[in-house]
Number of protein chains: 2
Amino acid sequence: MKSWVQSANDHLSHFPIQNLPYGVFARVGETPRCGAALGDQIIDLALLEKEGLIDAGNSVPVFNQPALNSFMELGKSAWDSVRVRLQELFKEGGVDALQGNAELTARVLVPMSEAELYLPFKVAEYTDFYAGKQHAMNIGTILRGAENALPPNWLHIPIGYNGRASTVVVSGTDVVRPLGQTKAPTAQVPSFKPCARLDIELEMGAVVGTPSKMGEPITVQQADDMIFGYVLLNDWSARDIQGWEYQPLGPFQAKAFATSISPWVVTKAALEEFRTSTPPREKELLPYLDEPGPMIYDIELQAHMQPKGAATPTLLCHTNYNRMYYSAAQQLTHHAIGGCKMNTGDLLGSGTISGAEKSEFGSLMELTWGGKEPITLEGGEQRTFIEDGDTLSLTGWAQGDGYRVGFGSCVGTVLPAPAFTPALSEKQGA
Amino acid sequence: MKSWVQSANDHLSHFPIQNLPYGVFARVGETPRCGAALGDQIIDLALLEKEGLIDAGNSVPVFNQPALNSFMELGKSAWDSVRVRLQELFKEGGVDALQGNAELTARVLVPMSEAELYLPFKVAEYTDFYAGKQHAMNIGTILRGAENALPPNWLHIPIGYNGRASTVVVSGTDVVRPLGQTKAPTAQVPSFKPCARLDIELEMGAVVGTPSKMGEPITVQQADDMIFGYVLLNDWSARDIQGWEYQPLGPFQAKAFATSISPWVVTKAALEEFRTSTPPREKELLPYLDEPGPMIYDIELQAHMQPKGAATPTLLCHTNYNRMYYSAAQQLTHHAIGGCKMNTGDLLGSGTISGAEKSEFGSLMELTWGGKEPITLEGGEQRTFIEDGDTLSLTGWAQGDGYRVGFGSCVGTVLPAPAFTPALSEKQGA
């Protein structure tokens, strides 16, 4: 299928007519609203809806809003009908509602180069999982040794923890290096200082479209039906803060300062042809986690680092989402199995996606083996962890026959920690 | 200070004019809106605001809404001015705007017996801490032995974990026993079944009124200024699910099925005279956690259990909020110290509040010492953990000179786990 929007037909474009991911955009001074990416253009969905050219089947408009949530909560039939209609409107030889109307077309298609992209949906709650076996083995080996690398529950439960929704930000948002409490193994007392082991985690995020009910478990098929789409996700991590705080209650401030996601939500429908199976089970799963069919996706992923002033970014790793032991549908099922209500806009991080080779490791913690083996960047600089001014970037795509269903990129630049000295005078003066 | 609403002057009433806690209420068929408790009446704040008798200083009304968030985000000057004005309107010998107008008074005062109470605010995110030292010692001793009871970070960090906001419910909401994965220490493989060790945790919840900024740390004084008020909080816990899932990422499904809070938010202003100091520091805290003054409160707390059909509830424990090692202000400071943005409506659980004596233990896990020492209820029934049909109830108050600043109660009845068998046919038919 080709589009009459020619830039969408480039075989390297992330946004062909087969993709049509959703996001939120505005030109300077305009009100943010929902759009879909097509080549180097953004389709103004609010305008198309106003003009009566698309209809999500809702009694009130859903696209003239600064978030996708209203559309997401409508569910599969609305998602499918809008997708089919958009492909009819924008494919070569489709319904001729726009091509004959240059004035309308010029208003409906907004060049990406002119638009700012916003967080695509209001994040209800954010949960991060730990479903990459190679990552769990690597981290476990670094922290506890090879014999005790994998926690006893890991092959039975898609383990995860609740993260912080308030600091989920869209690609392009700067990330301030966190202050926090750390204690080196040899230190007598903890210190309060800027994180010295700042890291990325290359992940995918699953976006919940339709809600579940409190007190009611769901099956893996029901969970898959609830998922609206997927984004790239960088789970920024402060390893030194994490090491001191995480026992026994899990990661907290080490993960709370920022989580970046890509601005375009790639729909489940666009990914359908890239479905594949999770790896063979090493131990039989309890029946509530059985997958009724292939539930993971074949998505190529890369992470790059570019220091301030460096001429080019350095490829840190390339891996694939199909490495994950647990699918997002399994994670969502487990999340709801005790009766936890899941809502429109809930975001589920996959866990770091690492492959078997060092070149496939999705975090600096693994790439530098706990900071012991520095990596050398293109310009000759060395890194163990992230330094101020470094820009970290994730990208990914599913490779179709002559086109890519892409996720664009997920970028963040690290800024220095804030100056902060709790004033003793406050104590004396209060 | 006395009120002309006579029921507020009963020395055992939880809601004298010194208290004036905020909540959300409606009679059957009415639209939920904000109110304040006074004796056995609810003051209809939406009506008072509409009549021009109170003014939160906002350009649009804040009380004709089904949540306190709009009022909460206005901050201290609005909170103070509304409180002062309400006391003027309802105290004996105050401003005579209502007493001379029987028709208006009859509309402004809604008998509690006629009203349903709702969740008082939209919970943005929920965090649960672990700040009771006796509780941490008890649980640690039960799980790991007395030598390793307290985690190494405990005396340095007010440790906590992110909980699930979607299942925070108001007192009176039934709680469905969760299904989940458990594994007995002697079992070879895990099982999927209803929780067999269902527990309560007696806690206080701090409610964040004004937000912080992403990337900007706050002091303990700033944190205290951000807190709008406090509620009773029951952090229902599935101990068997928790035991199998919690390492290394912390509590997840064991705590995700329900968290109950009391319907009335008692303001910081009403608690001001009950401020007291946290206990002496056993190890010096890092300066960012220094308290500029007394930051905890003297609040008597009780938990009761009443089986279905039992004539009377049984007192499980009585304790006091002043037992906590860390204050809510310290917890909020730590929560934001790495730059985590805190929002209006964030809810912070204190952690279980246990005193030194067995009669002061705030959970069944402690009261029955891990289920090994059953307790006997008033009617002769025995319990280790909660059984279906049991009603659990928390209450609490600060004792003033001739009046109580009370929190009312936080009640929940446990219902049986749902029938749920993932259909194999789904797998075959998909």
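Residues numbered from 1 in each chain as written. Chains lettered and ligands numbered in written order. Predicted model: local features only at pLDDT ≥ 70, side-chain atom pairs only at ≥ 80, totals over all residues. Heavy atoms only, no water.

## Focus: helix α9 (residues 328-336) of chain B
All names here are of chain B.
Argument step 1. Taken across its nine residues, α9 has nine buried, putting it largely inside the fold.
Argument step 2. Within the sequence span of α9, burial applies to A328, A329, Q330, Q331, L332, T333, H334, H335 and A336.
Argument step 3. Here the buried face of α9 lies against β6 (126-129), β7 (160-162), β13 (202-208), α6 (220-226), β14 (227-234) and β22 (347-349). (Buried < 20%, exposed > 50% of the residue type's maximum accessible area, 1.4 Å probe, protein only. Helix = DSSP H or I, 4+ residues; strand = E, 2+ residues; numbered from the N terminus. Contact = heavy atoms within 4.5 Å.)

## A few points about the environment of B:G309
Argument step 1. Inspection of the secondary structure puts B:G309 in the loop between β20 (300-306) and β21 (314-320).
Argument step 2. Taking the C-alpha atoms as reference points, B:G309 and B:D390, 81 residues apart in sequence, are found 9.2 Å from one another.

## Thoughts on the sheet that holds strand β1 (residues 22-26) of chain B
Residue and element names in this part refer to chain B.
Argument step 1. Spatial ordering of the open sheet is given by β4-β3-β2-β1-β5, a layout of five strands whose pairing is antiparallel. Since the sheet does not close on itself, it has two edges, and those belong to β4 (109-111) and β5 (116-118), each with one partner. Averaged over all pairs of adjacent strands, the angle between strand axes in this sheet comes to 50°, irrespective of strand direction.
Argument step 2. Pairing of strand β2 (residues 33-38) with strand β3 (residues 41-44), which is carried by four bridges, proceeds in the antiparallel orientation. Paired with L38 across the strands is Q41, a residue of β3. (Pairing = 2+ DSSP bridges. Axes fitted to C-alpha atoms, helices over the stretch in contact; angles between N-to-C directions.)

## A closer look at the packing of aromatic side chains
Argument step 1. Inspection of the entire model under this criterion finds 32 aromatic pairs over all chains.
Argument step 2. Measuring from centroid to centroid gives 4.8 Å for A:F63 and A:F71, while their planes differ by 50°, and the two rings are tilted. The burial state of A:F63 is the same as that of A:F71; both residues are buried.
Argument step 3. Plain terms: the ring middles of A:F129 and B:F252 are 5.9 Å apart, the flat faces sit at 90° to each other, and that makes the pair edge-to-face. Here the residue A:F129 occupies a position in strand β6 (residues 126-129), and B:F252 occupies one in the loop between α7 (239-245) and β16 (259-261), the pair thus bridging two chains.
Argument step 4. Owing to a relative accessible area of 2%, A:F129 belongs among the buried residues under this scheme.
Argument step 5. Counting every residue linked through ring pairs, the aromatic cluster contains A:Y22, A:F63, A:F71, A:W79 and A:F228.
Argument step 6. Of note, A:R281 hangs over the ring of A:Y325, and the distance from its end group to the ring centre comes to 4.1 Å. (Phe/Tyr/Trp six-rings, centres within 6.5 Å; stacked < 30°, edge-to-face > 60°. Lys NZ or Arg CZ within 6 Å of the ring centre and 35° of its normal.)

## Let's talk about the interface of chain B and chain A
Argument step 1. Taken residue by residue, the interface counts 71 residues in chain B and 71 residues in chain A.
Argument step 2. In terms of surface lost to chain A, no three residues of chain B exceed B:R164, B:L249 and B:F252, which account for 13% of the buried area on that side.
Argument step 3. Counting every contact that joins chain B to chain A gives four salt bridges.
Argument step 4. For A:D346, the salt bridge is made with B:R164, and the minimal N-O distance between the two is 2.5 Å.
Argument step 5. Put simply, chain B and chain A have 25 residue pairs in polar contact (both at pLDDT 80 or more) between them.
Argument step 6. Of all the secondary-structure elements, those providing two or more residues to the side of chain B that touches chain A are β6, β7, β10 (179-182), β11 (191-194), α6, α7, α9 and α11 (424-429) of chain B.
Argument step 7. Taken together, the residues of the side of chain B that touches chain A sort by class into 41 nonpolar, 21 polar and nine charged. (Buried area = accessible area lost by both parts, 1.4 Å probe. Salt bridge = Lys/Arg side-chain N within 4 Å of Asp/Glu carboxyl O. Polar contact = N/O pair within 3.5 Å; in protein donor to acceptor, adjacent residues only side chain to side chain. Nonpolar A, V, L, I, M, F, W, Y, C, P; charged D, E, K, R; others polar.)

## Thoughts on the side chain of A:T278
All names here are of chain A.
Argument step 1. Structurally, T278 is set in the loop between β18 (275-276) and β19 (296-297).
Argument step 2. The buried category is assigned to T278, whose relative accessible area is 10%.
Argument step 3. Within the structure, T278 has its side chain in polar contact with the side chain of R281 (distance 3.1 Å).
Argument step 4. Among the polar contacts made by the side chain of T278, one reaches the side chain of E291 at a distance of 2.6 Å.
Argument step 5. Among residues more than four places away in sequence, those in contact with T278 are E291, I296, M324, Y325, Y326 and S327.

## Details of the pairing of strand β20 (residues 300-306) of chain A
Residue and element names in this part refer to chain A.
Argument step 1. In the sheet, β20 pairs with strand β21 (residues 314-320) via six bridges, with the strands oriented antiparallel. Looking across to β21, one finds that E300 is bridged to N320.
Argument step 2. Two elements, β20 and strand β25 (residues 391-399), share seven bridges in a ladder whose sense is antiparallel. Opposite H304, over in β25, you have S393 as the bridge partner.

## Examining the relation of the copies chain B and chain A
Mapping between the two chain copies consists of a rotation about an axis together with a translation along that axis.
Argument step 1. After a rotation of 180° and a shift along the axis of 0.0 Å, chain B superposes on chain A with an RMSD of 0.0 Å. The superposition operator between the copies reduces to a two-fold rotation axis. Residue B:G250 of chain B places its C-alpha closer to the rotation axis than any other residue of that unit, at 2.1 Å. (Least-squares fit on C-alpha atoms with pLDDT ≥ 70 in both.)

## Describing the pattern of salt bridges
All names here are of chain A.
Argument step 1. Applying the stated criterion across every chain, the model contains 46 salt bridges over all chains.
Argument step 2. Residue R239 is joined to E201 by a salt bridge in which the shortest nitrogen-to-oxygen separation is 2.9 Å. Of this pair, R239 sits in helix α7 (residues 239-245) while E201 sits in the loop between β12 (198-199) and β13 (202-208); the two residues are 38 residues apart in sequence, bridging distant segments of the chain.
Argument step 3. The network of salt bridges with shared partners includes R27, E30, R33, D44 and E114.

## Thoughts on unusual backbone geometry
Residues and elements named next belong to chain A.
Argument step 1. In this chain, Q247 is followed by P248 through a cis amide linkage whose omega measures 5°.
Argument step 2. You can see P248 is positioned in the loop between α7 and β16 (259-261).
Argument step 3. The phi torsion at W369 lies on the positive side, around 45°, for a residue other than glycine.
Argument step 4. Along the polypeptide, W369 turns up in the loop between α10 (364-367) and β23 (375-376).

## A few points about the domain arrangement of chain A
Residues and elements named next belong to chain A.
Argument step 1. On domain assignment, one finds that chain A holds domain 1 (6-118) and domain 2 (126-415).
Argument step 2. Its C-alpha centre places domain 1 at a distance of 29 Å from the equivalent point of domain 2.
Argument step 3. Of the roughly 2,100 Å² buried between domain 1 and domain 2 on both sides combined, carbon and sulfur atoms contribute 69%.
Argument step 4. A per-residue breakdown of the area domain 1 buries against domain 2 is headed by H14, M72 and W79, which together make up 27% of the total.
Argument step 5. Our count for the contact surface shared by domain 1 and domain 2 stands at zero salt bridges.
Argument step 6. One can count five residue pairs in polar contact (both at pLDDT 80 or more) joining domain 1 with domain 2.
Argument step 7. Partitioned by chemical class, the residues of the side of domain 1 that touches domain 2 number 15 nonpolar, nine polar and two charged. (Domains from an automatic or database assignment.)

## Focus: the environment of B:E201
Residues and elements named next belong to chain B.
Argument step 1. On the basis of relative accessible area, E201 is assigned to the buried category, the value being 4%.
Argument step 2. Each C-alpha atom, one on E201 and one on E92, is 40 Å from the other, the two residues being 109 residues apart in sequence.
Argument step 3. Filtering out sequence-adjacent residues up to four positions away, E201 remains in contact with D128, H135, L233, N234, D235, S237, R239, K255, T352, G362 and S363.

## Topic: the sheet that holds strand β2 (residues 33-38) of chain A
Residues and elements named next belong to chain A.
Argument step 1. Taken in spatial order, the five strands line up as β4-β3-β2-β1-β5 in an open sheet, and their pairing is antiparallel. Single-partner strands in this sheet number two, and they are β4 (109-111) and β5 (115-118). Taking the axes of each pair of neighbouring strands and ignoring which way they run, one obtains an average angle of 50° across the sheet.
Argument step 2. Pairing between strand β1 (residues 22-27) and β2: four bridges, direction antiparallel. Each bridged residue has a counterpart across the sheet, and for G23 the counterpart in β2 is G35.
Argument step 3. The strands that helix α3 (residues 76-90) touches are β1, β2, β3 (41-44) and β4; relative to β1, the one it contacts most, it runs at about 55°.

## What to know about the confidence of the model for chain A
Argument step 1. Averaged over every residue, the pLDDT of chain A is 96; the share at 70 or more is 98%.
Argument step 2. Low pLDDT (under 50) marks residues 424-430 of chain A, which in the prediction has ten contacts with non-local residues, meaning those over four places away or in another chain. (pLDDT = per-residue confidence, 0-100.)

## Overview of helix α5 (residues 133-144) of chain B
Residue and element names in this part refer to chain B.
Argument step 1. When the terminal C-alpha atoms of α5 are compared, their 15 Å separation across twelve residues agrees well with the 16 Å that a helix rising 1.5 Å per residue should span.
Argument step 2. Among all positions of α5, only H135, A136, N138, I139 and G140 are buried.
Argument step 3. Close packing links the buried residues of α5 with α10 (364-367).
Argument step 4. Note on α5: the residue one or two positions beyond its end, G145, has a positive phi of about 90°. (Expected span 1.5 Å × (residues − 1).)

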